[in-house]
Amino acid sequence: MTSHTPADTFPRQYARTLRYTVGAPRSFSVAPDGSRVVFLRSRSGEDRANLLWTLDTTTGEERIAADPAALLGGGEEDLSPAEKARRERSREGSAGIVGYALDAKAALAAFALSGRLFTADLGTGATTELPARGPLLDPRPSPDGTHVAYANTAGELRLTRTDGGGDRALAEPDGPNVTWGQAEFIAQEEIDRSRGFWWSPDGERLLVERADDSPVRRWWIADPANPEREPAEVAYPAAGTANAEVALFVLDLYGGRTEVVWDRQAFPYLARVHWSEGGAPLLLVQSRDQRAQQVLGLDPATGATELLFEERDEVWLEAFPGVPAWTPDGKLVRISDIEEVGEAPQKGAGGRREGVRALVVGDRAVTGPDLHLRSVIAVTEREVFFSASGGVAETDPEPGWIAVGRISHDGRQLAWESSNGRPFTSVTSAVHAGGITVRATAEPDLPGTLVQVARDLPEGVVVDDVAVIASHAETPVITARPVFRFAGERRIPAAVFLPTGYDRERDGLLPVLMDPYGGPHGQRVVQAHNPHLNSQWFADQGFAVVVADGRGTPGRGPAWEKSIAFDFAGATLDDQVEALRALAGEFPLDLDRVAIRGWSYGGYLSALAVLRRPDVFHAAVAGAPVTDWELYDTHYTERYLGHPAERPEVYRENSLTGYAAGLERPLMIIHGLADDNVVAAHTLRLSSALLAAGRPHTVLPLSGVTHMTPQEEVAENLLLLQVDFVKRSLGL
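Residues numbered from 1 in each chain as written. Predicted model: local features only at pLDDT ≥ 70, side-chain atom pairs only at ≥ 80, totals over all residues. Heavy atoms only, no water.

Chemist: I tried to follow the pairing of strand 16 (residues 205-212) on my own but got confused; where do I start?
Modeler: Extensive coverage of strand 16 is indicated by the burial of seven of its eight residues. As paired strands, strand 14 (residues 178-180) and strand 16 are joined by three bridges and run antiparallel to one another. Considered in strand 16, the bridge of tryptophan 180 is made with arginine 210. With three bridges connecting them, strand 15 (residues 197-199) and strand 16 associate as antiparallel partners. By the bridge assignment, tryptophan 198 is partnered in strand 16 with leucine 207. Following strand 15, the chain reverses through five residues before pairing antiparallel with strand 16; glycine 203 in that reversal takes a positive phi of roughly 75 degrees. (Buried < 20%, exposed > 50% of the residue type's maximum accessible area, 1.4 Å probe, protein only. Helix = DSSP H or I, 4+ residues; strand = E, 2+ residues; numbered from the N terminus. Pairing = 2+ DSSP bridges.)

Chemist: Just to check I follow, could you spell out the pairing of strand 41 (residues 589-599) for this structure?
Modeler: Looking along a regular strand, one sees the side chains alternate between the two faces of the sheet. Bridge count between strand 39 (residues 510-514) and strand 41: five bridges; the pairing is parallel. Paired with leucine 513 across the two strands is alanine 595, which belongs to strand 41. Examined bridge by bridge, strand 41 and strand 42 (residues 619-623) share five bridges and lie parallel to one another. Paired with glycine 598 across the two strands is alanine 622, which belongs to strand 42. Taken together, strand 41, helix 9 (residues 601-612) and strand 42 form a β-α-β motif whose crossover is right-handed. (Right-handed = clockwise from strand over helix to strand, strands pointing away.)

Chemist: Looking at this structure, how should I read the pattern of salt bridges?
Modeler: For side chains of opposite charge, pairing can occur when their charged atoms come near one another. Enumeration over the complete set of coordinates arrives at 39 salt bridges. Several salt bridges share partner residues, and in doing so they unite Asp313, Asp337, Arg357, Glu561 and Lys562 into one network. (Salt bridge = Lys/Arg side-chain N within 4 Å of Asp/Glu carboxyl O.)

Chemist: Explain helix 10 (residues 634-641) to me, please; I cannot follow it from the model alone.
Modeler: Each turn of an α-helix holds 3.6 residues, which means side chains three or four residues apart point in the same direction. Within helix 10, eight of the eight residues are buried, leaving the element largely enclosed by the surrounding structure. Looking at helix 10, one finds that the buried residues are Thr634, His635, Tyr636, Thr637, Glu638, Arg639, Tyr640 and Leu641. Buried residues along helix 10 sit in contact with helix 4 (185-189), strand 21 (269-274), strand 22 (282-286), helix 8 (568-583), helix 9 and helix 11 (648-654). Of the residues trailing helix 10, glycine 642 is marked for its positive phi of about 80 degrees. (Contact = heavy atoms within 4.5 Å.)

Chemist: Can you help me understand the environment of glycine 278 in this one?
Modeler: Relative to the elements of secondary structure, glycine 278 occurs in the loop between strand 21 and strand 22. C-alpha separation for the pair glycine 278 and tryptophan 326, spaced 48 residues apart in sequence, amounts to 8.2 Å.

Chemist: Would you explain the packing of aromatic side chains in this entry?
Modeler: Note on aromatic pairs: each is described by the distance of the centres and the angle between the planes. Under the definition given, this model contains 27 aromatic pairs. When the ring of tyrosine 636 is compared with that of tyrosine 640, the centres are 4.9 Å apart and the planes differ by 75 degrees; the resulting orientation is edge-to-face. Here the residue tyrosine 636 and the residue tyrosine 640 both occupy positions in helix 10, the gap between them amounting to four residues, near one helical turn. Looking at tyrosine 636, the relative accessible area reads 7%, which means it is buried. Aromatic rings pair up to connect Trp316, Tyr517, Phe568, Tyr601, Tyr604, Trp629, Tyr632, Tyr636 and Tyr640 into one cluster. Here the guanidinium or amino end of arginine 334 rests over the ring plane of phenylalanine 309, the centre of that ring lying 3.7 Å away. Arginine 647 extends its terminal NZ or CZ atom over the ring of phenylalanine 566, reaching a point 3.7 Å from the ring centre. (Phe/Tyr/Trp six-rings, centres within 6.5 Å; stacked < 30°, edge-to-face > 60°. Lys NZ or Arg CZ within 6 Å of the ring centre and 35° of its normal.)

Chemist: Looking at this structure, how should I read the sheet that holds strand 9 (residues 127-130)?
Modeler: Each strand in a sheet pairs with another by means of backbone hydrogen bonds, the pair being arranged parallel or else antiparallel. Strand order across the open sheet formed by four strands is 6-7-8-9, with antiparallel pairing between neighbours. This sheet does not close on itself; its edge strands, each paired only once, are strand 6 (101-102) and strand 9. Alignment of strand 7 (residues 108-113) against strand 8 (residues 116-121), held across six bridges, turns out to be antiparallel. The residue bridging leucine 108 from the neighbouring strand is aspartate 121, located in strand 8.

Chemist: Honestly, the sheet that holds strand 12 (residues 157-161) in this entry has me stumped. Any pointers?
Modeler: Spatial ordering of the open sheet is given by 10-11-12-13, a layout of four strands whose pairing is antiparallel. Strands with a single pairing partner mark the edges of an open sheet, and in this sheet they are strand 10 (136-141) and strand 13 (167-171). Taken over all neighbouring pairs, the strand axes of this sheet differ in orientation by 30 degrees on average, direction set aside. Two elements, strand 11 (residues 147-152) and strand 12, share five bridges in a ladder whose sense is antiparallel. Each residue of the ladder has a partner; that of tyrosine 150, found in strand 12, is arginine 158. (Axes fitted to C-alpha atoms, helices over the stretch in contact; angles between N-to-C directions.)

Chemist: Help me understand a negative patch on the surface in this model?
Modeler: Taken together, the side chains of Asp144, Asp202, Glu204 and Glu277 present a region of like negative charge at the surface. Within the secondary structure, aspartate 144 is located in the loop between strand 10 and strand 11. (Patch = residues over 30% accessible without salt bridge, like charges linked within 9 Å, V, L, I, M, F, W, Y side chains within 5 Å. Areas by Shrake-Rupley, 256 points an atom, 1.4 Å probe, with all protein chains shown as cover. Lys, Arg positive; Asp, Glu negative; His and termini not counted. Charge placed at Lys NZ, Arg CZ, Asp CG, Glu CD.)

Chemist: Quick question: what am I supposed to make of the packing of helix 8 against helix 9 here?
Modeler: Any two packed helices are characterised by how steeply their axes cross, that is the angle between the axes, and by the distance between the axes. Running from N to C, helix 8 and helix 9 cross one another at 80 degrees; their axes reach a closest spacing of 10 Å. With respect to helix 9, the element helix 8 is oriented roughly perpendicular. For the pair helix 8 and helix 9, contact is made by Phe568, Ala569, Thr572, Leu573 and Gln576 and by Tyr601, Tyr604, Leu605, Leu608, Ala609 and Arg612, respectively. Here the residues of the contact of helix 8 with helix 9 sort into eight nonpolar, two polar and one charged. (Parallel < 35°, antiparallel > 145°, perpendicular 65-115°, else oblique. Nonpolar A, V, L, I, M, F, W, Y, C, P; charged D, E, K, R; others polar.)

These results come straight from atomic positions and should not be treated as a statement about function.
Following this line, the structure appears as structure tokens:
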């Protein structure tokens, strides 16, 4: 890690370094033969521009494979609106090379810079700009490295030869709102699928998404600070309205086109696509209400699909990273919610399955009730590499650990990928190929992340015998000191932060600041250091800060996550109250001075807290809150609350505007006016309802700011203004 500028304050450093991610290595890939590791990293903790690097696993030597400054001649990047939107969907704030794709041997890398197409020969280090019709998106080499396919802002999918021999269209839009080879908004924002095309293993064909967003309602995002600018048109599929029409085609390199056939009326969401050696391409498709999903095998010659597995759940089903997939001997690998370990739900099985989220190989669940599966990382001839959460078993001493393990296909042999052999005190992620594992580990008492390159020994033991990939990220100016607990009868995962140097006899009880996200897909209580720096900074301003992951947050099991079905406003708020009161028995919490702050779902939860529980919460700061769930998108909202036409009462009870007349406590609402995820209309509607009810409140509009707040000065001052507001509201 690099040192920080002496004059840095934490808020400024935190914003400038993008939460200390600038300069840290990321986006790892391993060559299939294990000969090299490919990754991105900038030169320092002050430089946001990522370079492409390789590491030789024989020597441990790192080498620059592509430098954006050299390729652009020192000029500034020029990003298209489509690329800016893609980065917003992926929460990408860095610059330079932000993504790359490799051929089958990891010998050639393709990437985009300023909408132009480049390749890097990872053996020689030579970089080449290829002819391309840009601005382009998501370039991907063919497995043999002879071609690069890419999408562009004109909606085309195009193909260029890596020898410079020509560039041509494989598919062109056949309508004004049609795109080829690009994931639609819902896939990017909610389904965690950013890709829109996939090469066949032999490089002769591609599976390509065709998306038509003509049916999607249009919204306009204005810039009130610059009234001379036209509003930006956004196709936004709000709850209860039409989605983009998504289809899939097999395209060959010579003009052939075959449509993939499945019941798109019943299963309109294309959640996952997997095409690997030795097995039919796999599709995971979901019904609109996400209570049913199918794994389909595809015949690319005819476009016909075969039902391999179907599951149903009366609440909802999830799609997970890395699955479905094949083992080399043809067993289907998936993650599923099951009742009994050792058995898997049969094809078409329904009902509410809340017992265990398990790894399933073939027809057998191979992991047990002590683990909560999160993703599949790699499938080898004998093993499946996976990530899983702990804190599920009653015997777990602390919450928040996430581990990487590998288990044999029959479930009989399990080993952990960790530096100390114990997965229970850290957060670990990994990639694996060719007998090499790149393992990134974060621990509560160490800033940053340790990235180790390890080689599998023949007997299956992993040792750190290759290299450590250096991080250039800055060292934080403060140190986080989380104390982890399971709080209350529900054993709610929580972390408590006290001011640095706090002395109970001298300082007595502390005003409390609850600092939750508290909603689906947002785990805050983790066994790591850097994710807690923001909370520690608030604590150092004189608060006891409590972070609680109540029901609905990930990592505790299907029943925990699904207990919020059709009821955001009840369970998530109740658990914040329970955690607060339970922790007050151990920590110096002044329950007569309690504030709450949060962003996005955390903003919704914060506003909800003062509207519905003014007896517990005495002030709130709500950042970019969802206030009316009919204004949020289809896939997310309908999964948890149902369709608004079928459950209008659920939407009324869970939206904030109906509770406006009950505001008794100070409330500050913050919103970026350029936000196209949680649009500013949410805040404006709540503010109007509060005004109509005669309830005073504060609104802080952020001109030009999206759902992220990457601007250094804006991010710093936002933290300072929140502290000032909370202190004044609590009489401090």
